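Examining the three-dimensional arrangement
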Amino acid sequence: MNGIRTLPIRLDPLPGEALDSWLEAIAARLDSPLLHMLPAFSLDAETTERSRRGGPPPNWTICLQPEELDALATATQVDPATLRAMTLETYADNAIVIDMPRREVNRTQLWGRGGGSRYCPDCLTATGGRWQLSWRLSWAFACLTHRRLLANICPTCGKAPRTRVHSLTHVPQLGRCARPSPSSESKGPGTTRCGGSLLETEPSA
């Protein structure tokens, strides 16, 4: 834990919130791209290595490695058990099967969903754009709080949100689609984001 500092500005996770949603909310509050926050979160080591090999950043919402969990707990002053409960590891072997080293959900066993997330626009509105972990589960299809079906796609780009980790080079815009814009000519880190509002989406039938 040497060298890890606690963040000067903290934001409590919401009940049932997914880890990536919470990290994005902290970055948005600080008006900072996620890339600039990763050292403070102590999540930059594997990201740097993957980037060197030309790969995508790791999906921390699937699971955290033990050293990442301890470091993130120190930096944010959030209990490690709370952080673990914000990842899909909390459902491992009961509802889904996870390849921990690769951070991948097995789509062919139990209730695995390979990627993406459904969502409740009313919940996003009520929480300022914060995402529930349970929306990642394949059987989640309705919001019991607002008595409505969960939405499947962004109404602007027509794609499922959260199929990959949020762009590290953009400041998160909570409640808006972070997928690459269909009209963007760039395919690199600076790709324009869709930016469509997810707060007024009508659920699919």
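Above: the structure in question.
Values in this document were obtained by computation on a predicted structure and should not be read as measured data.

Within the protein, the secondary structure is distributed over six helices and four strands. Counting helices and strands in the order they occur from the N terminus, the protein gives α-α-α-α-α-β-β-α-β-β. Along the three orthogonal principal directions, the C-alpha set of the protein runs to about 50 × 40 × 35 Å. Taking all 205 residues of the protein together, the buried fraction comes to 45%. Counting only contacts in the protein whose residues sit at least 6 apart along the sequence, the fraction spanning at least 24 positions is 58%. Working note: accessible area of the protein is about 10,900 Å², and carbon and sulfur atoms make up 50% of it. Across the protein, the mean location of the 23 positive side-chain charges is 5 Å away from that of the 20 negative side-chain charges.

The next point concerns the side chain of Gln 65. Structurally, the position occupied by Gln 65 is in the loop between helix H3 (44-52) and helix H4 (66-76). Residue contacts for Gln 65: discarding those within four places in its chain leaves Met 100, Pro 101 and Arg 103.

Here Ala 27 is to be found in helix H1 (residues 19-29). Ala 27 sits in the buried class, given a relative accessible area of 0%. On a C-alpha basis, the gap between Ala 27 and Ser 42 in space is 14 Å, while along the polypeptide they are 15 residues apart. Leave out the neighbours within four places in its chain, and Ala 27 touches Ser 32, Leu 34, Met 37 and Pro 172.

What follows is about the layout of surface pockets. Considered as a void within the structure, the second largest pocket measures approximately 310 Å³ in volume. Surrounding the second largest pocket, 23 residues form its lining, His 166, Arg 176, Cys 177, Ala 178 and Arg 179 being those nearest its centre.

Let us now look at the nonpolar core. Ranked by internal contacts, the top residues of the largest apolar core, which has 22 residues, are Leu 19, Trp 22, Phe 41, Leu 72 and Leu 83. Element by element, the count of residues in this core is highest for H1, at six residues. Leu 83 has contacts with Leu 19, Trp 22, Leu 69, Leu 72, Ala 73, Thr 76 and Val 78, leaving out every residue within four places of it along the chain. Core analysis: the second largest hydrophobic core is formed by 15 residues, Leu 124, Trp 131, Cys 143 and Leu 150 among them.

The next subject is H4. Taken residue by residue, H4 has Glu 68, Leu 69, Ala 71, Leu 72, Ala 73, Ala 75 and Thr 76 as its buried positions. Tucked inside the fold, the buried residues of H4 contact H1, helix H2 (34-41), H3 and helix H5 (80-84). Looking one or two residues beyond H4, the residue adopting positive phi is Gln 77, at roughly 60°.

A complete count under the given rule lists two aromatic pairs for this structure. With centroids separated by 5.3 Å and ring planes inclined at 50°, the aromatic side chains of Tyr 119 and Trp 131 adopt a geometry described as tilted. With Tyr 119 in the loop between strand S2 (104-105) and helix H6 (121-127) and Trp 131 in the loop between H6 and strand S3 (142-143), this pair connects stretches of sequence that are twelve residues apart. With respect to burial, Tyr 119 and Trp 131 carry one shared label: buried. Members of the aromatic cluster, joined through ring pairs, are Tyr 119, Trp 131 and Trp 135.

This part is about the pattern of salt bridges. Overall, the coordinates contain nine salt bridges when judged by the stated rule. For Asp 20, the salt bridge goes to Arg 136, with nearest N and O atoms at 2.3 Å. Of this pair, Asp 20 sits in helix H1 while Arg 136 sits in the loop between H6 and S3, and the two are 116 residues apart along the sequence. The salt bridge partner of Glu 68 is Arg 103, with a shortest N-O separation of 2.8 Å.

On to the environment of Arg 136. Since its relative accessible area comes to 10%, Arg 136 is described here as buried. Taking the C-alpha atoms as reference, Arg 136 lies 8.6 Å from Tyr 119; in sequence the two are 17 residues apart.

Analysis parameters
Residues numbered from 1 in each chain as written. Predicted model: local features only at pLDDT ≥ 70, side-chain atom pairs only at ≥ 80, totals over all residues. Heavy atoms only, no water. Helix = DSSP H or I, 4+ residues; strand = E, 2+ residues; numbered from the N terminus. Buried < 20%, exposed > 50% of the residue type's maximum accessible area, 1.4 Å probe, protein only. Contact = heavy atoms within 4.5 Å. Areas by Shrake-Rupley, 256 points an atom, 1.4 Å probe, with all protein chains shown as cover. Lys, Arg positive; Asp, Glu negative; His and termini not counted. Charge placed at Lys NZ, Arg CZ, Asp CG, Glu CD. 1 Å grid on protein atoms, 1.4 Å probe; cavity = no way out; pocket = protein on both sides within 12 Å on 5 of 7 lines; lining within 4 Å. Points joined across faces, edges and corners; volume = space filled by probe spheres on them. Core = buried A, V, L, I, M, F, W, Y, C linked by side-chain atoms within 4.5 Å. Phe/Tyr/Trp six-rings, centres within 6.5 Å; stacked < 30°, edge-to-face > 60°. Salt bridge = Lys/Arg side-chain N within 4 Å of Asp/Glu carboxyl O.

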